[in-house]
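Here's the letter readout for the chains.
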Amino acid sequence: MKRKGVEIIDINVKELIKDLNRALAAEALAAYRYKLLSNLVSGINSPQVAEVFNEMSKDEWNHVGLLMERIVQIEGKPITNTSDWQKYSYSTYKEPPKDPTDLEKMIKDSVEDEREAIDFYNKLYSKTQHADPVTAQVIQEILAEEVDDEDKLLRLLGE
Ligand SMILES: [Fe+2]
Ligand SMILES: [Fe+2]
């Protein structure tokens, strides 16, 4: 049976599912990247930075779950092939620097990622705010956490 919860969405649902999958792909890559960084970091201050990256990895993975849940709820299909993550992501994957003691580069690349996330979610929030308040609520929750991530990373840089 057609879902009332999908009927009430006042924007193109196919486009919305595409946007949610673009976000899902970016989040999956971010979760992997932060976990990788948390294991690679080396040198002075690295335990503290590793802890921040590790926590962020968990948060981004949680975002994957939230997006996936919403996609399924509106009768969409989440990306099934992990090799599509880079293709669908709204952001370009940033490989860790060769030098594992280059914390500044790791953190600055991460700030860039978070800023892209903030832009993406802010636009998606505007698109859905009135047309699909349920998706908007999910996006708002994620957006707030990306804003917090940017703040945490800038604090590590002393900014
Ligand atoms: Fe995220
Ligand atoms: Fe984030």
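Look above for the structure.
Every value quoted in this text rests on a predicted model; they were computed, and no experiment measured them. (Residues numbered from 1 in each chain as written. Chains lettered and ligands numbered in written order. Predicted model: local features only at pLDDT ≥ 70, side-chain atom pairs only at ≥ 80, totals over all residues. Heavy atoms only, no water.)

The next thing to look at is the packing of aromatic side chains. Applying the stated criterion across every chain yields a total of three aromatic pairs. On the numbers, 4.3 Å between centres and 10° between planes, the contact of Y90 with F120 is stacked. With a gap of 30 residues between them, Y90 in the loop between helix 4 (85–88) and helix 5 (103–128) and F120 in helix 5 connect regions that are remote in the sequence. Relative to Y121, the ring of F120 lies with its centre 5.8 Å away and its plane at 85°, an arrangement referred to as edge-to-face. Take F120 and Y121: they sit in the same class, and that class is buried. Through a chain of ring-to-ring contacts, three or more aromatic side chains come together here, namely Y90, F120 and Y121. (Phe/Tyr/Trp six-rings, centres within 6.5 Å; stacked < 30°, edge-to-face > 60°. Helix = DSSP H or I, 4+ residues; strand = E, 2+ residues; numbered from the N terminus. Buried < 20%, exposed > 50% of the residue type's maximum accessible area, 1.4 Å probe, protein only.)

Attention now moves to helix 3 (residues 46–73). Counted at 1.5 Å a residue, the expected span for helix 3 with its 28 residues is 40 Å, and the 40 Å between its end C-alpha atoms agrees. Of the residues trailing helix 3, E75 is marked for its positive phi of about 65°. (Expected span 1.5 Å × (residues − 1).)

For the iron ion (ligand 2), every protein donor is listed as E60 (OE), E114 (OE), E114 (OE), E146 (OE) and D149 (OD), and the spread of their distances is 2.0 to 2.4 Å. For the iron ion (ligand 2), all donor residues lie on one chain, and their spacing in sequence is E-x53-E-x31-E-x2-D. By relative accessible area, E146 is classed as buried at 1%. (Donors = N, O, S within 2.8 Å, 3.2 Å for Na, K, Ca; no water.)

Turning next to the pattern of salt bridges. Here the structure, examined in full by the defined rule, presents 16 salt bridges. For D132, the salt bridge identified is with R70, shortest N-O distance 3.0 Å. Of this pair, D132 sits in the loop between helix 5 and helix 6 (133–156) while R70 sits in helix 3; the two residues are 62 residues apart in sequence, bridging distant segments of the chain. Considered together, D132 and R70 belong to a single accessibility category, that of buried residues. Of the charged contacts in the structure, one is a salt bridge between K105 and D109, with a shortest N-O distance of 3.2 Å. In this pair, K105 and D109 both sit in helix 5, four residues apart, roughly one turn of the helix. In this structure K105 comes out as partly exposed when scored by relative accessible area, which is 39%. (Salt bridge = Lys/Arg side-chain N within 4 Å of Asp/Glu carboxyl O.)

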